[in-house]
Protein chains: 2
Amino acid sequence: MALVNEHFLKLSGNYLFTDIAKKVNAFKATHRQADIISLGIGDVTQPLCPAVIEALHRATDEMATASGFHGYGPEQGYDFLREAILKNDFLPRGIHLDIDEIFINDGAKSDTGNIQELIRWDNSVGVTDPIYPVYLDSNAMIGRAGQKVDDRWSNVTYLPCNAENKFVPSLPDRRVDVIYLCYPNNPTGTVLSKEELRKWVNYALRNDTLIFYDAAYQAYIQDPEIPHSIYEIRGARKCAIEFHSFSKTAGFTGVRCGYTIVPKDLTAATLQGERIALNPLWLRRQSTKFNGTSYLSQRAAEAIYTPEGKEQVRATINYYMQNASRLVETFRRLNFEVYGGENAPYVWMRTPKGSSSWQFFEELLYGAQVVCTPGVGFGPSGEGYVRFTAFGSHERTEEALARIEKWFGK
Amino acid sequence: MALVNEHFLKLSGNYLFTDIAKKVNAFKATHRQADIISLGIGDVTQPLCPAVIEALHRATDEMATASGFHGYGPEQGYDFLREAILKNDFLPRGIHLDIDEIFINDGAKSDTGNIQELIRWDNSVGVTDPIYPVYLDSNAMIGRAGQKVDDRWSNVTYLPCNAENKFVPSLPDRRVDVIYLCYPNNPTGTVLSKEELRKWVNYALRNDTLIFYDAAYQAYIQDPEIPHSIYEIRGARKCAIEFHSFSKTAGFTGVRCGYTIVPKDLTAATLQGERIALNPLWLRRQSTKFNGTSYLSQRAAEAIYTPEGKEQVRATINYYMQNASRLVETFRRLNFEVYGGENAPYVWMRTPKGSSSWQFFEELLYGAQVVCTPGVGFGPSGEGYVRFTAFGSHERTEEALARIEKWFGK
């Protein structure tokens, strides 16, 4: 008898954003004329920049000729893109990577979900809380997260990040085998200083803990003191895998391209204590279950490293960061308690006293026709907060703010 | 201590095609002038057809505007493509699918590798032998394949397909929980008649076995009696998941798009015997670990269902099938024993008496500078065979045949 993987049955039926979509649709059904503005899901809105568009047309024309046609590419990605990454995202920060440490993917979501395949099913897991749901769900699907009791997984250590600790997670009080860190943080929009990040690398080296470091939002960092990569910290090559994405850097949410760094120094142990390098294991995983990212998407990604591409991508990031500033400044003026938004495209707001995340979500939807994301959807410590994204257009973001101001003034 | 997933260590270090590349490179090192023709790896060579090129340019232009920009799409794919698939690949064969049974992916390799996540880690596995290595490797990585002893996995039932049984696998003599079938077959190029396929569906229904049916090569079927989809067989909706790919249908090996059918009637059991529908589980898997296929790739795939697209795609398939015919007819003339090549782009050749797969591979490489794929790379029953692909250009295929003829005549 074919038996189902019963770990799936422990998961909540829906992904967070599916729940939000349902509630928005329920509102629409009774308010057919309503013009809803979504500052909820973290999707970008601005078009691809001209350098990327040109690269896509050029790659398309290549594919129309026998000599320029590209079939299967290397599963780990084309060297033209891996070299551009190496030279632009790492060398200028004094980080020396081998080209074989870079794996091109179809976006960070796939790899942050798949990376856990490299480790034993019963390793213990630590997460900052609130957190991007993929980290936990992907561990739950293989049984590593344990049982779900009252919205918490039994084999997971939650490290609360809240206003009280200024969103700086404490080191775990029991050791964990792997820890997920995401900075700039989704959903809180907060960052870790080099000093704070160093504590994590040292913890990992001391405890033989693997760090899965999600740097998908690093392009939004404004403060020159904030690290863009965990490899800016000495020793991180021995304990950390890092995920990058072009989704937010260059509006690639529909194009699908990102990359993962698996340093060659990085190992995990067998039960007998033998050290096994993870880089060749990840290559084996990718060669078996992945067939490379679209050639067109890889050429598109390469274009963001040209001088024009860099400038254009920077302009769009600045555009979104203007939204972030406007959100922060308006919410502060209205006496909301807000965090993030300075080095990240997310603004994290404490809900007014007595309102839960979902209550505030509904109040805002019905009162101002603005959609935010309930913080509790990202984990128990997200209760009492909501997330706003800066990825809208200026016009819609201003309109949303005007409505919120009017609604709140009532 | 972070512990490694030790199942990875049971795998052979390299993927088959990496081994081949190494041997070819060793030859090149000592024969720098050699002009090698590869009829080895199954990658296409002809450019994308004009309808697809136009669609890619159009989609690129859309992405350059705020109103036409597409960010995150649905993880299960855009309805425009799912509807085109439904109307063109299934309705004309009398197969009625619900749109939610179609999941767009980035190629069949990902999904044939990932699908096993839905079932318990200790389900038993059956495969026809020889077979596409991904099916077994993906099961080995989670421990389901058991231990590897003499090139065979302990928890896998191998169903030999060879000249003696005319490449028609017998039903397993012990029951298996899941079975992988691929028709038209990679690597042998042989097909199953409707009658033979019906035996499998009946076996699966009787034994509560899940069939993972890989139809990646269905577009190459010439004989109208051969089924293109397992759902042409009554009852298959209750026991089979089917994989399709645009890689070979439309030359998308570098574009990355395919689809998977998970019927809503399909269930697997819990240990307590409760039946669990697999369609929502696969949606949950994809929503968590996948973020949809590139919008551009999906628009490209849609274009192959237009009247011009259909005609152009058909012309390229015919082009490759002419190569297949030439391979078959030349090899027969040289008194080789060959199979396949009539409803598939692969020709499966028995090596001359006394030559192993790898020996013949090397003889051909050194004697004629032609690369084939050693059959044993696809499993123990592939020993004594090699695979040739029809995906070259006419010119190179003819040149390869001329060289083989000359070499063999010596």
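As the structure is a prediction and not an experimental result, all values here were calculated from the model. (Residues numbered from 1 in each chain as written. Chains lettered and ligands numbered in written order. Predicted model: local features only at pLDDT ≥ 70, side-chain atom pairs only at ≥ 80, totals over all residues.)

## Remarks on the overall build of chain A
- Summing up its helical and strand segments, chain A has 12 helices and 17 strands in all.
- Its C-alpha radius of gyration of 21 Å places chain A within 12% of the 22 Å reference for a compact globule of 410 residues.
- Judged by the C-alpha coordinates and their principal axes, chain A covers about 65 × 55 × 55 Å.
- Taking all 410 residues of chain A together, 57% fall into the buried category.
- Long-range contacts, defined here as pairs at least 24 residues apart, represent 72% of the contacts in chain A between residues at least 6 apart. (Helix = DSSP H or I, 4+ residues; strand = E, 2+ residues; numbered from the N terminus. Rg over C-alpha atoms; globule rule 2.2 N^0.38 Å. Buried ≥ 20, exposed ≤ 12 C-beta atoms within 10 Å, placed from the backbone. Contact = placed C-beta atoms within 7 Å.)

## Focus on helix α12 (residues 394-409) of chain A
All names here are of chain A.
- Its 16 residues place the ends of α12 22 Å apart at the C-alpha level, agreeing with the 22 Å of an ideal helix rising 1.5 Å per residue.
- Among all positions of α12, only T397, A400, L401 and I404 are buried. The buried residues of α12 occupy an angular sector of 95° when projected down its axis, which confines them to one face. Relative to its buried face, α12 has exposed residues pointing more than 90 degrees away, namely E395, A402, K406 and G409.
- At its buried positions, α12 is contacted by β1 (37-38), α10 (307-333), α11 (357-368) and β15 (370-371). (Expected span 1.5 Å × (residues − 1). Arc of directions from axis to C-beta.)

## A few points about α11 of chain A
Residue and element names in this part refer to chain A.
- The terminal C-alpha atoms of α11 lie 16 Å apart, and with 12 residues this matches the ideal 16 Å at 1.5 Å per residue to within 8%.
- What α11 keeps buried is the set S357, F360, F361, L364, L365 and A368. The arc that holds every buried residue of α11, seen down its axis, measures 135°, which confines them to one face.
- Where α11 is buried, its residues contact α1 (16-30), β15, β16 (373-374), β17 (385-389) and α12.
- Among the residues trailing α11, Q369 stands out with phi positive, at a value near 55°.

## Thoughts on the relation of the copies chain A and chain B
- Superposing chain A onto chain B takes a rotation of 180° combined with a translation of 0.0 Å along the rotation axis, leaving an RMSD of 0.0 Å. Such values leave the two copies arranged in the relation of a two-fold axis. Closest approach to the rotation axis within chain A is made by the C-alpha atom of H57 of chain A, at a distance of 3.0 Å.
- Most of the interface of chain A is mirrored in chain B: 100% of its interface residues are interface residues there too. (Least-squares fit on C-alpha atoms with pLDDT ≥ 70 in both.)

## Examining the nonpolar core
- Judged by nonpolar contacts, the single largest core of 250 residues is most densely connected at I211 of chain A together with I211 and V347 of chain B.
- Beyond its immediate chain neighbours, meaning those up to four positions away, I211 of chain A contacts I179, L181, W200, A204, I230, C239 and A240 of chain A. (Core = buried A, V, L, I, M, F, W, Y, C linked by C-beta atoms within 7 Å.)

## Section: unusual backbone geometry
- Cis geometry is found at the peptide bond from D129 of chain A to P130 of chain A, where omega equals 10°.
- Counting through the fold element by element, P130 of chain A comes out in the loop between β3 (125-129) and α5 (133-140).
- The omega angle of the peptide bond from Y183 of chain B to P184 of chain B is -5°, so this bond is cis rather than trans.
- Phi at R256 of chain B takes a positive value of approximately 70°, unusual for a residue other than glycine.

## Observations concerning the confidence of the model for chain A
- When pLDDT is averaged along chain A, the result is 96, and 100% of the positions lie at 70 or above.
- Interface confidence for the predicted complex, given as ipTM, is 0.97, next to a pTM of 0.97. (pLDDT = per-residue confidence, 0-100.)

## Let's talk about the pairing of strand β13 (residues 337-340) of chain B
Residues and elements named next belong to chain B.
- Examined bridge by bridge, β13 and strand β14 (residues 346-350) share four bridges and lie antiparallel to one another. Across the sheet, Y339 pairs through a bridge with W348, a residue of β14.
- Remark: five residues form the turn of the hairpin made by β13 and β14, two consecutive strands paired antiparallel; G341 in that turn has positive phi of roughly 80°. (Pairing = 2+ DSSP bridges.)

## Some remarks on the sheet that holds strand β8 (residues 210-214) of chain A
Residues and elements named next belong to chain A.
- Spatially, β2-β10-β9-β8-β7-β3-β6 is the arrangement adopted by the seven strands of the open sheet, whose pairing is mixed. The open sheet has two edge strands, β2 (102-105) and β6 (156-160), and neither has a second partner. With strand direction ignored, the average angle separating the axes of adjacent strands in the sheet is 20°.
- Sheet topology places β2 next to strand β10 (residues 258-261); four bridges connect them, and they run antiparallel. Paired with N105 across the strands is G258, a residue of β10. (Axes fitted to C-alpha atoms, helices over the stretch in contact; angles between N-to-C directions.)

## Considering the sheet that holds β13 of chain B
Residues and elements named next belong to chain B.
- The strand order β13-β14-β17-β16 describes an open sheet built from four strands, whose pairing is antiparallel. Two strands close off the open sheet at either side, each with one partner strand: β13 and β16 (373-374).
- Inspection of the sheet shows β16 paired to strand β17 (residues 385-389) by two bridges, in the antiparallel sense. Considered in β17, the bridge of P374 is made with V386.
- Contacts between helix α11 (residues 357-368) and the sheet are confined to β16 and β17, with β17 contributing the most and set at about 50° to the helix.

## Some details on the domain arrangement of chain A
Residues and elements named next belong to chain A.
- Under the domain assignment, chain A is made up of domain 1 (10-47 + 309-409) and domain 2 (53-307).
- If you look at the interface, domain 1 gives 35 residues, while domain 2 gives 41 residues.
- When residues of the side of domain 1 that touches domain 2 are traced back to their parent elements, those giving at least two are α10, β13 (338-340) and β14 (346-350).
- If one sorts the elements of the side of domain 1 that touches domain 2 by residue count, α10 sits on top with seven residues.
- When grouped by side-chain class, the residues that make up the side of domain 1 that touches domain 2 number 15 nonpolar, 12 polar and eight charged. (Domains from an automatic or database assignment. Nonpolar A, V, L, I, M, F, W, Y, C, P; charged D, E, K, R; others polar.)

## Looking at the packing of helix α2 (residues 50-63) of chain B against helix α9 (residues 295-303) of chain B
All names here are of chain B.
- One way to put it is that α2 packs onto α9 with a least axis distance of 8 Å and a crossing angle of 145°. Where α2 crosses over α9, the two elements pack in a sense that is right-handed. Contacts from A51, V52, E54, A55, L56, A59 and T60 of α2 reach α9 at Y295, L296, R299, A300, E302 and A303.
- Here the contact of α2 with α9 is built from residues that sort into nine nonpolar, one polar and three charged. (Left-handed = near helix turned anticlockwise from the far one by under 90°.)

## Topic: the interface of chain A and chain B
- Tallying the contact residues gives 70 residues for chain A and 70 residues for chain B.
- Residue composition of the side of chain A that touches chain B, by class: 33 nonpolar, 25 polar and 12 charged.

## Observations concerning the pairing of strand β8 (residues 210-214) of chain B
Residue and element names in this part refer to chain B.
- In terms of burial, β8 is largely enclosed, as five of its five residues are buried.
- Burial along β8 is two-sided: L210, F212 and D214 facing one way and I211 and Y213 facing the other are all buried.
- Here strand β7 (residues 178-182) pairs with β8 via five bridges, running parallel. Counted as the bridge partner of L181 is Y213 from β8.
- One crossover worth recording links β7 to the parallel β8 by way of helix α6 (residues 194-207), and it is right-handed.
- Bridge count for β8 against strand β9 (residues 240-245) is four bridges, and the pairing is parallel. In the sheet register, I211 faces β9, and the bridge partner there is A240. (Right-handed = clockwise from strand over helix to strand, strands pointing away.)

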